[in-house]
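The primary structure of each chain is shown beneath.
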Amino acid sequence: MFKFILKFSLFLCLLFVFKNTLSAQIFLNEIMASNENSFLDSEGNSPDWIELYNASNVSLNLKNWQLSDDGAEPDKWIFSEISIPAKGFLVVFASGDDYFDSEYWHTNFKLSKSGESLILSKPDGELIDFIEFDAQETNQSYGRKTDGEAIFSVFINGSPGSSNNGITTVNTFETNLSFSHQPGIYNQPIDLKIMTETSDLNLHYTTNGSIPTESDAIFNESINLNMKNKPVPVVANISTSEIWKTPKGEVETHHNIRVRAFKNGAASKQILSGTFLLSETSFPYFLPVVSISTDAENLFSDDKGIYVEGNNLNYNQSGRDWERPAHFAYFSKDGNLEIEQNIGIRIGGATSRKQPQKTLKLYARSEYGDAHFDYPFFGENYDSSFKRLAIRTMVGDKIKRTIADDFGQQLVENAVDCDYIQRRFVIVLLNGEYWGIHSLREVVGEHFMARKAGVDKDEIDYLFNEGEVKHGKNAEYLDLIYFLQNNSLAEADNFDFVSTQVDLDNFIDYHVAQFALANEDWPNNNVKFWKIKNGQWRWVINDLDQSLREFNHSRWRLYFAEHRAHHVKWNERDWAFILFSKLLENEEFRTHFTDRFNDFMNTTMSPTNTLPLLEEMTEELRPEIAKHIDRWQFPKSEKQWENSIEETHLFLLRRPSFVLNEIFEWFGSAYKWSPNPAQDFIQLEVPKNEGQMAQLEIFNSFGQLVFQKKIQLNGEAETLHLDLLFEKKAGVHYFKLDIGRQVFTEKIVLF
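Residues numbered from 1 in each chain as written. Predicted model: local features only at pLDDT ≥ 70, side-chain atom pairs only at ≥ 80, totals over all residues. Heavy atoms only, no water.

Considerations on the packing of aromatic side chains
Then comes step 1: This model, assessed by the stated rule, comprises 44 aromatic pairs.
Then comes step 2: With a centroid separation of 5.5 Å and 15° between ring planes, the pair formed by phenylalanine 39 and phenylalanine 93 is classed as stacked. Taken together, the residues phenylalanine 39 in the loop between strand 1 (26-32) and strand 2 (48-54) and phenylalanine 93 in strand 7 (residues 89-94) connect sequence positions 54 residues apart. Comparing phenylalanine 39 with phenylalanine 93, the two get one shared label, buried.
Then comes step 3: Ring centres of phenylalanine 179 and phenylalanine 276 lie 5.2 Å apart, and the angle between their planes is 90°; this geometry places the pair in the edge-to-face category. Of the two residues, phenylalanine 179 sits in strand 13 (residues 178-179) while phenylalanine 276 sits in strand 22 (residues 272-278), which places them 97 residues apart along the sequence. Taken as a pair, phenylalanine 179 and phenylalanine 276 share a single burial class, namely buried.
Then comes step 4: The lysine or arginine in question, lysine 531, covers the ring of tryptophan 537, its NZ or CZ lying 5.6 Å from the ring centre.
Then comes step 5: Between the NZ or CZ atom of arginine 631 and the centre of the ring of tryptophan 435, over which it lies, the distance is 4.5 Å. (Phe/Tyr/Trp six-rings, centres within 6.5 Å; stacked < 30°, edge-to-face > 60°. Helix = DSSP H or I, 4+ residues; strand = E, 2+ residues; numbered from the N terminus. Buried < 20%, exposed > 50% of the residue type's maximum accessible area, 1.4 Å probe, protein only. Lys NZ or Arg CZ within 6 Å of the ring centre and 35° of its normal.)

Below, the structure written as C-alpha cells:
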C-alpha cells in the first residue's frame, strides 16, 4: 500500500511539473503595433495584432489566461475558450474593442506605436511571458527571430499565424551623419549638405517632423534653405480643442530637416534632425527656443495623437502608452544650439489638457539615446542633469494673467525652506512651426525629489493630496494622520513626536507662501509631499496658476473645525486641513508660524520686492506677447494682457496689509490700536520691550503711503497718543509698525 501511495504521489508531482512545463512553452512570439492594411481581420479592418506560439507537442487551452499591456493590471483582458495546437500559432487583434469577429478575438486594449510592454499570465496570475518593445515603424513587426527563442528582431513584413523562422528582418547600421551647418540662426541663405564618412549611402529627408523612409525625398548633394522657401504651416492649422481658434495671419515657420541613410535595404539607426531659423534679424525671438520634432500623427491623429481629443479623449490619457518619440533641441537667446537629443513626450497638466495650447512633458530615456538632459537650463549655479522636463502652457483654465505660477515660483526662490521648481520662459517650435510662449521647467516627481535628496528614487515616498501614492508607500503618513486624529498637540510630548515626522520649518514656509500668494486651488488640491526612508515629510510648492487673483482671498476659518462645518464644500475635506489645524493647537507652533508669516510678508512679499520682479517678468514677455496672442487668441488682446498685469500689480500692493491684519485678527498681536474706527487721534498699547525707535507708516486702501513717523519705545509697557496729522480721507487704512525684528500691520477705519 505504501509503495502504491508513493508511486501515485510521484505521478501527481510529475503531472504538475509536466503541466507547468507545457505552460512555460507558450510564447508571445510576434507583435505589430502600427498595422496599416498589412494584415486584416475578418471585417476588413487592420488593428494592431499579437501572435502567440505553442512550442510544446500538445494542444493547450488558454481559457482564463490573461493578456495585458499594463503591469499594474495583468488581467486587463481574459482569454475565452481558445486552444493553440501543438507547434501552432494564435493571432489576437489588439483593437481595443473586446469582441469576436467570427474568426479572430479582439482585446480591450491597443498597442502603442511608441513602444510599451506586453504580459502573458496564467489564470492564477503566474507570469508566463513578457516582452518590451520600442517605437515601431508602420507595417513592420517585432518578434522572436526564431519561434520561441530569446533573440528578437524587427521584420520588414510580419508573419501573423505562421513561423518567423527565415523571414526578412529589418537591418540597421551605424552612421555618423552631420550637417554642414549647425542648426540655429542664419541671416543669409545656406546650402545644407550632409557630412558622412560612409560611402554609397542613399539619403532621404523630411521637412514635416516625420522619420524619413525610402519613399521620402532624396537628399542630393545639398538643399538650399532661404527665407522664400520656408515650409507653409500645417500643424498650426489643426484644431486642438473645442475652443481652438484659427491663428491670426500666417504662422511663422522655420526649416525643420530630418535625414536618414539607407543601404541595401537597411536603414541607419541614426536619424539626423535639425531646425534652421532663417531670419533677417540677428535672432527672431527675444527668448530661448525649444524645438520639438515628431511625426504629426503622434500628436494629431484620431487614434493615437496625444494633442487632440481624437477617438479616446486622447489628451486626457496618461502613462507610457501615451508617450510618443520626438527630437528635442534647445537654442539660447543668441540662437546657438546648446543641446539636442531624442526624447519621449506626453501631455501634462490637468484642466489645461482641454485648452488649445497644452503642456508637454519631456522624458529622457536611454532607449531614446541620452538618459538625462545634461545642460544648465536654469543657470550655472543650479543642477545641470534632469530626467524630466516640461514645456508648460501659458493658457491655464480660468486664468487670464498667464504668469501667476511662474511669478510665484520665482518669488519664493531662495526665500523659503521649501522645494520649488526652477523655470524660464521659452518660445516653442513644433515641427518648425511657431507654437508660442511656454515655461520650460522642472517636473515635480520622484526623480526631482531623489535629486534634491541625493538618493535613488526607490528611496522616495511621494504622495499627493489626501495621501494617494505617486511613488513608494503611504503607510507612515497614514499612521501619522491616525495619531493626529487621536491625540492633542497641545501636549508637548505629542507635538515633539510630530516634529520628528514632519519638517516643521518646511511645513510652515509652505503654508506661509500659499497663504501669501492667495492660491485658490489649494489646499484641497495640488498638495505634493515626500520623504526619504527614515526622513521627515516635506512639501513642494506646486501649481500656483490660481493665485495672485483676489487680494482679500481668505480660508483661515476653514482651519477651525467649528467654522468648516458650516461650509458644504469643505466640511467633508478634513484631510486638507487636519495637519495644520492640529499643529495650531500648540502654542510654540503658533508663535513660530506667526513670526515667520510676519517676516515673509514684510520682506519677500513686500511691494518693494514683488513689484520689481513683476516688472522684470513683464518686460521679458512684452516683446513676444503680440505674436503669442495672434497664434492662440489668448489672452484676447495685448490690452487685456496689460490689464491683467495691472491687476496683479494692485494685488501685490494690497495683499500684505490685508493678510497681516487677518492673521493678527485670528492669532492676536502684542500691539493694540484703539479706538477703531478712529477720527483725529489713535492710541497704541505697547508691551514691555527692550527700548528702541520704531517706524510708523500708514497706507491707504490702494497701498499708497500717506503718513510716516518715528516713535520712541522706552522699554516699558505704555500707551502712545498719536495725532493723525495728515490729509486723510475716510475709509480703510493700514497702520504698519516696524520695530526692527518684526513688523505689525493693522487695518484701521478712519472717518
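Brief notes about helix 5 (residues 475-486)
Then comes step 1: Look at helix 5: 17 Å from first C-alpha to last across 12 residues, which is about the 16 Å you get at 1.5 Å a residue.
Then comes step 2: The complete set of buried residues in helix 5 reads Tyr477, Leu480, Ile481, Phe483 and Leu484. When helix 5 is viewed along its axis, its buried side chains cluster within an angular range of 160° and face the same direction. For helix 5, the exposed residues set more than 90 degrees away from the buried face come down to Asp479, Tyr482 and Gln485. (Expected span 1.5 Å × (residues − 1). Arc of directions from axis to C-beta.)

Topic: the packing of helix 10 (residues 587-602) against helix 12 (residues 638-667)
Then comes step 1: The contact between helix 10 and helix 12 brings their axes to 10 Å, and the two run at 165°. Accordingly, the angle class assigned to the pair helix 10 and helix 12 is roughly antiparallel. The chirality of how helix 10 crosses helix 12 is left-handed. Residue-level inspection shows Arg590, Phe593, Thr594, Phe597, Asn598, Met601 and Asn602 of helix 10 in contact with helix 12, the latter providing Arg655, Pro656, Val659, Leu660, Ile663, Phe664 and Phe667.
Then comes step 2: Tallied by class, the residues present in the contact of helix 10 with helix 12 amount to nine nonpolar, three polar and two charged. (Axes fitted to C-alpha atoms, helices over the stretch in contact; angles between N-to-C directions. Parallel < 35°, antiparallel > 145°, perpendicular 65-115°, else oblique. Left-handed = near helix turned anticlockwise from the far one by under 90°. Contact = heavy atoms within 4.5 Å. Nonpolar A, V, L, I, M, F, W, Y, C, P; charged D, E, K, R; others polar.)

Topic: the nonpolar core
Then comes step 1: One finds Ile292, Phe328, Leu362, Phe377, Phe589, Phe593 and Phe597 to be the most contacted residues of the largest nonpolar core, which totals 139 residues.
Then comes step 2: Looking at this core element by element, the count peaks at 10 residues for helix 12.
Then comes step 3: Membership of the second largest hydrophobic core comes to 25 residues, among which are Leu62, Leu111, Leu120 and Phe133. (Core = buried A, V, L, I, M, F, W, Y, C linked by side-chain atoms within 4.5 Å.)

Details of the pattern of salt bridges
Then comes step 1: What the rule picks out here adds up to 30 salt bridges.
Then comes step 2: Aspartate 543 is paired through a salt bridge with arginine 392; the nearest N and O atoms lie 3.3 Å apart. Taken together, the positions of aspartate 543 in the loop between strand 35 (538-540) and helix 8 (561-564) and arginine 392 in strand 29 (residues 388-392) put the pair 151 residues apart, joining distant regions of the chain.
Then comes step 3: Owing to a relative accessible area of 15%, arginine 392 belongs among the buried residues under this scheme.
Then comes step 4: Between glutamate 476 and lysine 531 there is a salt bridge, and its shortest N-O distance comes to 3.3 Å. Pair noted here: glutamate 476 is in helix 5 and lysine 531 is in strand 34 (residues 528-532), with a separation of 55 residues, a long-range link.
Then comes step 5: Overall, the relative accessible area of 39% leaves glutamate 476 in the partly exposed class.
Then comes step 6: A residue is classified by how much of its surface remains accessible, and lysine 531, at 1% relative accessible area, is buried.
Then comes step 7: Look at the salt bridges and you will find they share partners, linking Arg392, Asp405, Asp406, Arg423, Arg441, Asp543 and Asp545 into a network. (Salt bridge = Lys/Arg side-chain N within 4 Å of Asp/Glu carboxyl O.)

Remarks on the side chain of arginine 596
Then comes step 1: Along the chain, arginine 596 falls in helix 10.
Then comes step 2: The contact partners of arginine 596, leaving out residues within four places of it in the chain, are Ala415, Val416, Ile508, Asp509 and Val512.

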